[in-house]
Amino acid sequence: MKLTAKDIKKIMLGITLSDGSIDRKNQRFEFYSKSQSFVDFVADTLQQITGVVVNYKYDAKNNGHRIWTHKHPYFKHLGEVCYSSSRKELNTYNVSRLNLMSIGMMWMCDGYLEHALNRKTNKVQNIGWFCLEAFPKPELEMFQKQLLSFGIGSSLVKKPWGFGYRIRIGGSELQKFISAIYEYIHPDFRYKTILFYKSEKNFDMGLPSAGHILQLYEDCEDIVRHPLKKGTT
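Residues numbered from 1 in each chain as written. Predicted model: local features only at pLDDT ≥ 70, side-chain atom pairs only at ≥ 80, totals over all residues. Heavy atoms only, no water.

## Overview of the overall build of the protein chain
From N to C terminus, the protein chain includes nine helices and 10 strands. Seen through its C-alpha atoms, the protein chain measures out along the principal axes to roughly 55 × 35 × 35 Å. The buried share of the protein chain, reckoned over its 233 residues, is 48%. Contacts in the protein chain between residues far apart in sequence, at least 24 positions, make up 62% of those at least 6 positions apart. If you sum the accessible surface of the protein chain, you get close to 11800 Å²; carbon and sulfur atoms cover 51% of it. The averaged location of the 23 negative side-chain charges in the protein chain is 5 Å from the averaged location of its 33 positive side-chain charges. (Helix = DSSP H or I, 4+ residues; strand = E, 2+ residues; numbered from the N terminus. Buried < 20%, exposed > 50% of the residue type's maximum accessible area, 1.4 Å probe, protein only. Contact = heavy atoms within 4.5 Å. Areas by Shrake-Rupley, 256 points an atom, 1.4 Å probe, with all protein chains shown as cover. Lys, Arg positive; Asp, Glu negative; His and termini not counted. Charge placed at Lys NZ, Arg CZ, Asp CG, Glu CD.)

Written as structure tokens, this is what we have:
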């Protein structure tokens, strides 16, 4: 698929701030995923940057796929944008340049949906989590503000690992969020877009992607015990 220069920048920014990595010294990019078709998509994106050479290796032991590039000045700049002297970071510059496409890339890499049983109502509670504990609280707060610029509210929840916080999106905010990024989600990760409700009355059917992300249910126990897995939708 032919991408615009802007789309390439937004995709690479989202991927690099999540599961992608850059060797700043050697100006090389690397990415790993268990989804071969998603790795192929990232590789195709990279190959649309003039002069970038992509290498591929299948990891049979972990059933995953790794790609990496040769040295290229594109990754010198991207490394400067996404890394401090010692680690990957969210900063004013890169966060302000995240659009919904970038955030969709980050969701595929570092986001997940939890479908929990609300015992008081005997209903499924849909919760979205951004697993970005590798970033300190002030950096996550910048990311939250960027989400809010797209009309999506979120909260920070303490966790006992990394820098101690994870971003939570729930309720109507999660509906808006999933609908907003749905068009950018690769088929292998559509399971990260399904929201379960007993009826349509608690779901905003006016959302652009409502027909794709809403799934009605009768037995919530089956959903909680056997959540959707990769490749089931």
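So, next bit.
## Considering the sheet that holds strand 8 (residues 165–170)
An order of 5-6-8-7 is seen for the four strands of this open sheet, with the pairing classed as antiparallel. Each edge of the open sheet carries a strand with a single partner, namely strand 5 (111–118) and strand 7 (155–158). When the angles between neighbouring strand axes are averaged without regard to direction, this sheet yields 40°. As paired elements, strand 7 and strand 8 share four bridges and run antiparallel to each other. (Pairing = 2+ DSSP bridges. Axes fitted to C-alpha atoms, helices over the stretch in contact; angles between N-to-C directions.)

## Here's the deal with helix 6 (residues 137–149)
With 13 residues, helix 6 extends 19 Å from end C-alpha to end C-alpha; this agrees with the ideal 18 Å at 1.5 Å per step. For helix 6, every residue scored as buried is listed here: Glu 139, Leu 140, Phe 143, Gln 144, Gln 146 and Leu 147. Around the axis of helix 6, the buried residues are gathered within 160° of arc, so they sit on the same side. Opposite the buried face of helix 6, by more than 90 degrees, sit the exposed residues Pro 138, Lys 145 and Leu 148. Check the buried side of helix 6 and you find it contacts helix 4 (92–96), helix 5 (100–110), strand 6 (123–130), strand 7, strand 8 and helix 7 (171–181). One or two positions beyond helix 6, positive phi appears at Gly 151, with a value near 80°. (Expected span 1.5 Å × (residues − 1). Arc of directions from axis to C-beta.)

## A word on the pattern of salt bridges
What the rule picks out here adds up to six salt bridges. Its salt-bridge partner being Glu 80, residue Lys 76 comes within 2.8 Å of it at the nearest N-O pair. With Lys 76 and Glu 80 both in helix 3 (residues 73–82) and four residues apart, this pair spans about one turn of that helix. Lys 76 gets classed as partly exposed once you look at its relative accessible area, which sits at 42%. On the basis of relative accessible area, Glu 80 is assigned to the partly exposed category, the value being 41%. The closest approach of N and O atoms between Glu 133 and Arg 166, which form a salt bridge, is 2.5 Å. Residue Glu 133 is found in the loop between strand 6 and helix 6, and its partner Arg 166 is found in strand 8; the two are separated by 33 residues along the sequence. Exposure remark for Glu 133: the relative accessible area of 7% places this residue in the buried category. On the accessibility criterion, Arg 166 (10% relative accessible area) is buried. (Salt bridge = Lys/Arg side-chain N within 4 Å of Asp/Glu carboxyl O.)

## Focus on unusual backbone geometry
The bulk of non-glycine residues show a negative phi, and the bulk of peptide bonds are trans. A positive phi angle is found at Asn 63, which is not glycine, with a value near 50°. With respect to the helices and strands, Asn 63 occurs in the loop between strand 3 (54–59) and strand 4 (64–69). Relative accessible area serves as the criterion here: at 45%, Asn 63 is assigned to the partly exposed category. The phi dihedral of Asn 122 is positive, around 55°, even though this residue is not glycine. Take Asn 122: it is sitting in the loop between strand 5 and strand 6.

## What to know about the state of the cysteines
Applying the stated criterion across every chain, the model contains zero disulfides. Of all cysteine sulfurs in the structure, the one in Cys 109 sits closest to Cys 82, which takes part in no disulfide; the separation is 13 Å. A residue is classified by how much of its surface remains accessible, and Cys 82, at 0% relative accessible area, is buried. Free of any disulfide, Cys 131 has its nearest neighbouring cysteine sulfur in Cys 109, separated by 12 Å. (Disulfide = S-S within 2.5 Å.)

## Considering the nonpolar core
Ranked by internal contacts, the top residues of the largest apolar core, which has 61 residues, are Phe 38, Leu 46, Phe 130, Phe 143 and Phe 177. Take this core: its biggest share by element is seven residues, from helix 5. Ignoring sequence-local partners within four residues, the contact set of Phe 143 consists of Leu 90, Val 95, Leu 98, Ile 103, Met 106, Phe 130, Leu 132 and Ile 167. Of all hydrophobic cores here, the second largest spans seven residues; its members include Leu 117, Ile 194, Cys 220 and Ile 223. (Core = buried A, V, L, I, M, F, W, Y, C linked by side-chain atoms within 4.5 Å.)

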